[in-house]
Structure formats: structure tokens, C-alpha cells
Amino acid sequence: MPRLAANLSMMYAEHPFLDRFEAAARDGFAGVEFLFPYEYPATELKARLEAQGQTQALFNSPPGDWAAGERGTASLPGRDSEFRRGVELALEYAAALGNRRLHLMAGLIKPGQDRAAHRAVYLENLAWAARAAASAGVTVVIEPINTRDIPGFFLNRQDEAQAICAEVGADNLKVQFDIYHCQIVEGDIAVKLKRDMAGIGHIQIAGVPDRHEPDLGELNYPYLFEQIDALGYAGWIGCEYRPRAGTSAGLGWARPYLTHTGHTAT
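Let me sum up the structure you'll find in this document. Note that the coordinates shown come from a computational prediction; the quantities given were computed from them, not determined experimentally. Starting from 1, residues in each chain are numbered consecutively following that chain's sequence as written. Under the rules for a predicted model, residues below a pLDDT of 70 receive no local features and side-chain atom pairs below 80 are neither given nor counted, while totals for whole chains, interfaces and linings still include all residues. As a convention, hydrogens and water are excluded, and side-chain values are obtained from all of the structure's heavy atoms.

### Things to note about the overall build of the protein chain
Under the convention used in this document: Here a strand is any run of E in DSSP of at least two residues, a helix any run of H or I of at least four, and the numbering for each starts at the N terminus. It is over C-alpha atoms that the radius of gyration is taken, and the globule rule equals 2.2 Å times the number of residues to the power 0.38. Accessibility here uses a 1.4 Å probe with only protein chains present; expressed as a share of the type maximum, an area under 20% marks a residue as buried, one over 50% as exposed, and anything in between as partly exposed. In what follows, a contact means two residues having at least one pair of non-hydrogen atoms within 4.5 Å. Residue-level accessible areas treat just the shown protein chains as cover; the underlying method is Shrake-Rupley with a 1.4 Å probe.
Secondary structure assignment for the protein chain yields 9 helices and 8 strands. Over its C-alpha trace the protein chain gives a radius of gyration of 17 Å, about what one expects of a compact globule, namely 18 Å for 266 residues. Along the first, second and third principal axes, the C-alpha atoms of the protein chain reach 45 × 40 × 35 Å. Within the protein chain, the proportion of its 266 residues that are buried is 53%. Considering only contacts in the protein chain between residues 6 or more positions apart, those separated by 24 or more positions represent 76%. In the form shown here, the protein chain has an accessible surface area of approximately 11,100 Å², with 50% of it arising from carbon and sulfur atoms.

What follows is the structure, encoded as C-alpha cells:
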């Protein structure tokens, strides 16, 4: 059965952020993820997790100037020092929260910029981050993202992400397989899961095309969950979607799975 983690950046938006942990726990989510923890003291977030008996499944390293439209710095030439300081801060939060998965956002490439230069910076930064994270027992992940949601995002395809991980060659560098993004860019989800499962470090889900509940749209998630189970994936599956109405009211699709996730996992 899939182990579902509520994405608190998108779900439970009807509650203040710090109250979303309890709201998710009431609905049966034993795991949570979110984009960024840095607005809050790690001690406060840890207290929320512990109060609900929840596992922090994933968050992202600092993305640069998010308000100005930046979406990561890992591949940006000239931003190496900022990227590495961000990873160090993220690992401090990971240690405090017991988080074992850290997403390193690649960033944007503008028209006319040198893709090879971005890629060289990306590989060097990922190798450095993987070494830094290994000593903390953290796996770092990279995520292909569709360019409909984030125009200009550097990393878009599963095969490219897997090739980059293979080139870096770090055991704790994996791919974050977001089924929503993959379906929009390339489709053939079940085949790609089978092809790449050994290199997948985290999975996320949402309905396609509108990023609402997974029971809305063009994907058959019960079938995909069966395939994921059959492939031996034992990690969390992040529910990174925007509820069409109230979060709890839209969880009918998840009820059969949430009854099986009420335990602490690593």
C-alpha cells in the first residue's frame, strides 16, 4: 500500500501553516512534506511533527529569490557559494527534523544561455551536495519539472535526470519522480517507473492536467500504485496537489490508503 505524505505547502491551505500538521494527522497522514521550512524555527516545526507522531518526508533547499521568480540555484553559473550555503542550512534543518530527503532545485535557464555551462555547474554542485549530505545520512534528489508550470526550468525529463545522477555517481543522489510533471512532459508513466525505479528516491502525485486530487484527470492512480508496490518502492509518496475545494472533503480517493499509514517511517 502506498505511504502517503501530505504536502503542506499545497494541501490544507484553509489552515495557517503551523496548524496544517494537526489537520493532516486528523485525516490519517503519518508523513508530511512541504517546499521550504526556513520561515520557521526548526524547533517549532519539530514540535509540530512530534505532537502528531509524523515523519518529515521531504523539503527543498533554499531556491534563491523565490518572490522574484527564481526556482533554484543548483545549475546557475556564479551562484555556487549561495547554493552551498543553502545546502548547509537545509542540512541543519534536516538534522533537527529527522528529514532524510532533500530536493535540490535546478533553477531556470534563459533563452540564449549556454546549457553546457549550466550542466557543468549543476554536476559540480550536485557532487558537492551529495558529499555534504552523505555524512548526515541524507539522500539528495533532483526533480524534472514541466515547462508549462515553470517555463525555462533546467531539468525536464526523467532520462536526463537519471543520466545526471549516473554521471555524478553518488549513492545518495536520486531522482524525485513527480508523476504529474512526467505525464505532462513525456507520459508512459508505468514503463518509466519500471525502467528507473532503482534510481528513484521520492515519488509525488497529482491529477493531470489541473493538479487537483489524483482521482481527477487522465491518470489511473490505483493502477500506478499497484505498479509502484510491485516494483518494491517503500518510500513516501508526496501528495503535491491543490485541492479543488476543502482538503479533507477531497480525500475520498486516499481513505483506503491512509488507514494503512498510521505509523512512523524513515
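### Focus: the packing of helix H5 (residues 158–168) against helix H7 (residues 189–196)
Rules: Geometry is summarised by axes, namely lines fitted to C-alpha atoms with helices restricted to the contacting stretch, and by angles between N-to-C directions that run from 0 to 180 degrees. Angle categories are assigned with fixed cut-offs, so that under 35 degrees is roughly parallel, over 145 is roughly antiparallel, 65 to 115 is roughly perpendicular, and the rest are oblique. Amino acid classes used here: Ala, Val, Leu, Ile, Met, Phe, Trp, Tyr, Cys and Pro are nonpolar; Asp, Glu, Lys and Arg are charged; the rest, including Gly, are polar.
Two elements in contact, H5 and H7, have axes whose closest approach is 11 Å; the angle formed by their N-to-C orientations is 10°. Looking at the two axes, H5 sits roughly parallel to H7. Residues Gln 158, Asp 159 and Gln 162 of H5 form the contact with H7, whose participating residues are Lys 192, Arg 195 and Asp 196. Class assignment for the residues of the contact of H5 with H7 results in no nonpolar, 2 polar and 4 charged.

### Describing the sheet that holds strand S5 (residues 139–142)
The line we're drawing: In short, DSSP must find at least two bridges between two strands for them to pair.
With parallel pairing, the 8 strands of this closed barrel are ordered in space as S1-S2-S3-S4-S5-S6-S7-S8. Direction aside, the axes of adjacent strands within the sheet are offset by 30° on average. Pairing between strand S3 (residues 55–60) and strand S4 (residues 101–103): 2 bridges, direction parallel. Within the sheet, the bridge partner assigned to Phe 59 lies in S4 and is Leu 102.

### Digging into the pairing of strand S8 (residues 236–239)
The following threshold applies: Seen with its strands pointing away from the viewer, a crossover is right-handed if its path from the first strand over the helix to the second goes clockwise.
With burial as the criterion, each face of S8 is covered, one bearing Trp 236 and Gly 238 and the other bearing Ile 237 and Cys 239. In this sheet, S8 lies alongside strand S1 (residues 3–7) in parallel orientation, the contact comprising 4 bridges. Within the sheet, the bridge partner assigned to Arg 3 lies in S8 and is Trp 236. Bridge analysis of strand S7 (residues 200–205) against S8 gives 3 bridges, and the strand direction is parallel. Its bridge partner being in S8, Gln 204 is matched across the sheet by Gly 238. With respect to chirality, the unit in which S7 leads through helix H8 (residues 221–230) into the neighbouring parallel S8 is right-handed.

### Quick word on the nonpolar core
Quick note on the threshold: We call a set of buried Ala, Val, Leu, Ile, Met, Phe, Trp, Tyr and Cys residues a nonpolar core when their side-chain atoms join them within 4.5 Å.
Membership of the largest hydrophobic core comes to 77 residues, with the highest contact counts inside it found for Phe 29, Ile 179, Ile 203 and Trp 253. Aside from chain neighbours lying at most four places away, what touches Ile 179 is Ile 189, Ile 203, Gln 204, Ile 205, Leu 219, Tyr 221, Leu 224 and Ile 228.

### Overview of unusual backbone geometry
For residues besides glycine, phi is generally negative; the peptide bonds are generally trans as well. For the bond from Val 208 to Pro 209, the omega torsion is 20°, close enough to zero to count as cis. Along the polypeptide, Pro 209 turns up in the loop between S7 and H8. You will see that Tyr 12, though not glycine, has its phi angle at about 60°, which is positive. Even without being a glycine, Arg 211 presents a positive backbone phi close to 60°. Locating Arg 211 in the fold gives a position in the loop between S7 and H8.

### Considering the packing of aromatic side chains
For any two aromatic rings, the description comes down to two numbers: the centre-to-centre distance and the angle of the planes. Rules: In this scheme Phe, Tyr and Trp rings, the latter by its six-membered ring, pair at centre separations within 6.5 Å, and the angle between planes marks the pair as stacked below 30 degrees, edge-to-face above 60, and tilted otherwise. Two conditions define a charge located above a ring, namely a distance within 6 Å from the ring centre to NZ of Lys or CZ of Arg, and an angle within 35 degrees of the ring normal.
Applying the stated rule across the entire model yields 13 aromatic pairs. Look at Phe 17 and Tyr 40: their rings are 5.2 Å apart centre to centre, the planes differ by 15°, and that puts the pair in the stacked class. Placement of Phe 17 in the loop between S1 and helix H1 (20–26) and of Tyr 40 in the loop between strand S2 (31–33) and helix H2 (42–52) is noted, with a sequence separation of 23 residues between them. Phe 17 sits in the buried class, given a relative accessible area of 12%. Geometrically, the ring pair formed by Phe 21 and Phe 34 is edge-to-face, given 6.3 Å between the ring centres and 80° between the ring planes. On the criterion of sequence distance, the pair formed by Phe 21 in helix H1 and Phe 34 in the loop between S2 and H2 is long-range, its members being 13 residues apart. Note on Phe 34: relative accessible area 2%, which makes it buried. Following the ring pairs from residue to residue traces out a cluster consisting of Phe 17, Phe 21, Phe 34, Tyr 38, Tyr 40, Phe 59 and Tyr 93. Over the face of the ring belonging to Trp 66 we find Arg 71, whose NZ or CZ atom lies 3.6 Å from the ring centre.

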